[in-house]
Structures are given as C-alpha cells and as structure tokens.
Amino acid sequence: MSARRITRVEGVGLPLRGHDIDTDRIIPARHLRAISFEGLERFVFEDDRQAWTGPLPHPFDRDEWREARVLVVNANFGCGSSREHAPQAIQRRGIAALVGESFSEIFFGNSLANGLPCVTVDAAGAAWLQGAIEQDPHTPVAVDLEAMTVAAAGRVLACAMPASARDALVTGAWDATGLLLEGPEAVAAVAARLPYVNGF
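These figures come from a predicted structure and were not determined experimentally.

It is worth spelling out the overall build of the protein at this point. Per the secondary structure count, the protein includes nine helices and seven strands. With the principal axes as the frame, the protein shows a C-alpha extent of 70 × 40 × 25 Å. Expressed as a percentage of the 200 residues in the protein, the buried residues total 46%. Residue pairs in contact within the protein that sit at least 24 positions apart in sequence constitute 70% of those at least 6 positions apart.

Okay, the pattern of salt bridges next. Under the criterion given, the structure shown has eleven salt bridges. With a shortest N-O distance of 3.3 Å, arginine 8 and glutamate 10 are connected by a salt bridge. Overall, arginine 8 belongs to the partly exposed group, its relative accessible area being 44%. Judged by relative accessible area, glutamate 10 falls into the partly exposed class, the value being 45%.

Before going further, it helps to examine the environment of arginine 17. Its location among the elements puts arginine 17 in the loop between strand S1 (8-15) and helix H1 (23-26). The spacing of arginine 17 and proline 59 is 42 residues in sequence and 9.2 Å in space, taken between C-alpha atoms. The residues contacting arginine 17, other than those within four sequence positions of it, are Asn74, Ala127, Gln130, Gly131 and Glu134. At 3.3 Å, the side chain of arginine 17 forms a polar contact with the side chain of glutamine 130.

Sheet architecture is open: seven strands sit in the order S4-S3-S2-S1-S5-S6-S7, paired in mixed fashion. The sheet is open, and its two edges are formed by strand S4 (118-120) and strand S7 (155-158), each paired on a single side. Direction aside, the axes of adjacent strands within the sheet are offset by 30° on average. Two elements, strand S6 (residues 149-152) and S7, share four bridges in a ladder whose sense is antiparallel. By the bridge assignment for S7, valine 150 is matched with leucine 157.

Turning next to the packing of aromatic side chains. Under the counting rule described, the total for this entry stands at four aromatic pairs. Ring geometry for phenylalanine 77 and phenylalanine 103: centres 6.4 Å apart, planes at 85°, overall edge-to-face. Within this pair, whereas phenylalanine 77 is found in the loop between strand S2 (70-72) and helix H3 (85-92), its partner phenylalanine 103 is found in the loop between strand S3 (97-100) and helix H4 (105-113), the two being separated by 26 residues in sequence. The ring of tryptophan 65 has arginine 62 lying over it, and the distance from NZ or CZ to the ring centre is 4.2 Å.

Residue position: asparagine 114 is located in the loop between H4 and S4. A relative accessible area of 15% means that asparagine 114 is categorised as buried. Apart from residues lying up to four places away in sequence, asparagine 114 is in contact with Arg4, Glu84, Pro87, Gln88, Gln91 and Trp174.

A word on the packing of H3 against H4. As a packed pair, H3 and H4 sit with axes 8 Å apart at the nearest point and diverge in direction by 50°. By the angle between their axes, H3 is oblique relative to H4. Seen along the crossing, H3 lies across H4 with a hand that is right-handed. Contact with H3, carried on its side by Ala86, Pro87 and Ile90, involves Phe107, Asn110 and Ser111 of H4 and no other residues of that element. Of the residues that constitute the contact of H3 with H4, the class distribution is four nonpolar, two polar and no charged.

One can find alanine 142 in strand S5 (residues 140-144). Remark: the alpha-carbon pair of alanine 142 and valine 9, spanning 133 residues in sequence, is separated by 5.8 Å. Beyond its immediate stretch of four places on either side in the chain, alanine 142 contacts Arg8, Val9, Glu10, Thr149, Val150 and Ala151.

The rules behind the values
- Residues numbered from 1 in each chain as written.
- Predicted model: local features only at pLDDT ≥ 70, side-chain atom pairs only at ≥ 80, totals over all residues.
- Heavy atoms only, no water.
- Helix = DSSP H or I, 4+ residues; strand = E, 2+ residues; numbered from the N terminus.
- Buried < 20%, exposed > 50% of the residue type's maximum accessible area, 1.4 Å probe, protein only.
- Contact = heavy atoms within 4.5 Å.
- Salt bridge = Lys/Arg side-chain N within 4 Å of Asp/Glu carboxyl O.
- Polar contact = N/O pair within 3.5 Å; in protein donor to acceptor, adjacent residues only side chain to side chain.
- Pairing = 2+ DSSP bridges.
- Axes fitted to C-alpha atoms, helices over the stretch in contact; angles between N-to-C directions.
- Phe/Tyr/Trp six-rings, centres within 6.5 Å; stacked < 30°, edge-to-face > 60°.
- Lys NZ or Arg CZ within 6 Å of the ring centre and 35° of its normal.
- Parallel < 35°, antiparallel > 145°, perpendicular 65-115°, else oblique.
- Left-handed = near helix turned anticlockwise from the far one by under 90°.
- Nonpolar A, V, L, I, M, F, W, Y, C, P; charged D, E, K, R; others polar.

Dropping the structure here:
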C-alpha cells in the first residue's frame, strides 16, 4: 500500500441546496453508537429524507444520483457538532469530492483526514452548478485539484481551498497510514531508537 494522491475527481454531480446544513442532519446522533463506520451510508440525511415533502424525492434518494461522485452544497456546510461520522457517511455513499460556498472548519478537517476534498466556489458559481445538474441530472462534474477548477456543462469555475490542504491531497500527505507503509525501513529505524519499544 502507498499513500493515495488525489489530484482529480470526476463523476455525476449531486446538488443539495440549503445553507447551514449541520452534522446532525448529515448523520443523526443516534447512529454514532456504532463501533465502526461500516454501513453509515444507509443513514446519511436519514431524517431529512424521511421528512421530505418535495415533488421529487430527496436528492439522496433520486435514482439518477445514486452513483454521484461530486456533492454540490451551499454555505457553512457541516456546521454544528464535530463528528467524523459525517464525512465518513457521505464518502461511503460514494461521494469523492464536495463543492460548496463554504464549509465548517471541523467538517473540513475531518473530510481532509479521510481524503475527501472540499473546495469552495462563490455563491453564484454554486447556484449555477446546482442548477445545471438539476436541469440535466447526468451532468458530469470534474474537480481538478492541480488546476483548482471545477468543470461542468461546458463551463469552468475557479475554486479554492487552503494551500496546505491542497498540497496534502495532491502529494498524498493526508494519508498518514499510506505514508508509513511506503517507508517501512524508516519506520523500523525510528522504532529501533525508541527506548520504550526496545524495553530499556
């Protein structure tokens, strides 16, 4: 295994409108008792989906978006209590990148730790992208972390994320386990110098 470098994510987009969508809406607290993250994708937005009264199913229940890879949101997504279950549930649902107006700092950090890029665009860009996907539900969206662009429906939007986060994703530095497994000799050498590993 080696550190996974993430430079580009491409796939069908999924628009989820609304500001201040908090982590309890993303994954209700009653599901935090699980001892692993396996199966959390079944409960992503569970309460919102059950309470949904729109003319069409909730976006996460639409057949055409079941294989979506890019989630497009609005402002302050992932606010509220810190729970790494929120990005885990989204990622396990198949989402490999998020595009939005802004993200909660804690949600952003938890997502980065999972290798789930969260890039920002301006409000007009987010609204246009959501509208384009709603007009054609099969619209592919490409998030390019090297060029820092989001492309869809013949248009290219500039996007942003902190330089340190971008560098961690494109170099694979976000993947601490992968980095350790890339250099077993270096790990063994450090371990050999540690008294508590060698019993003295």
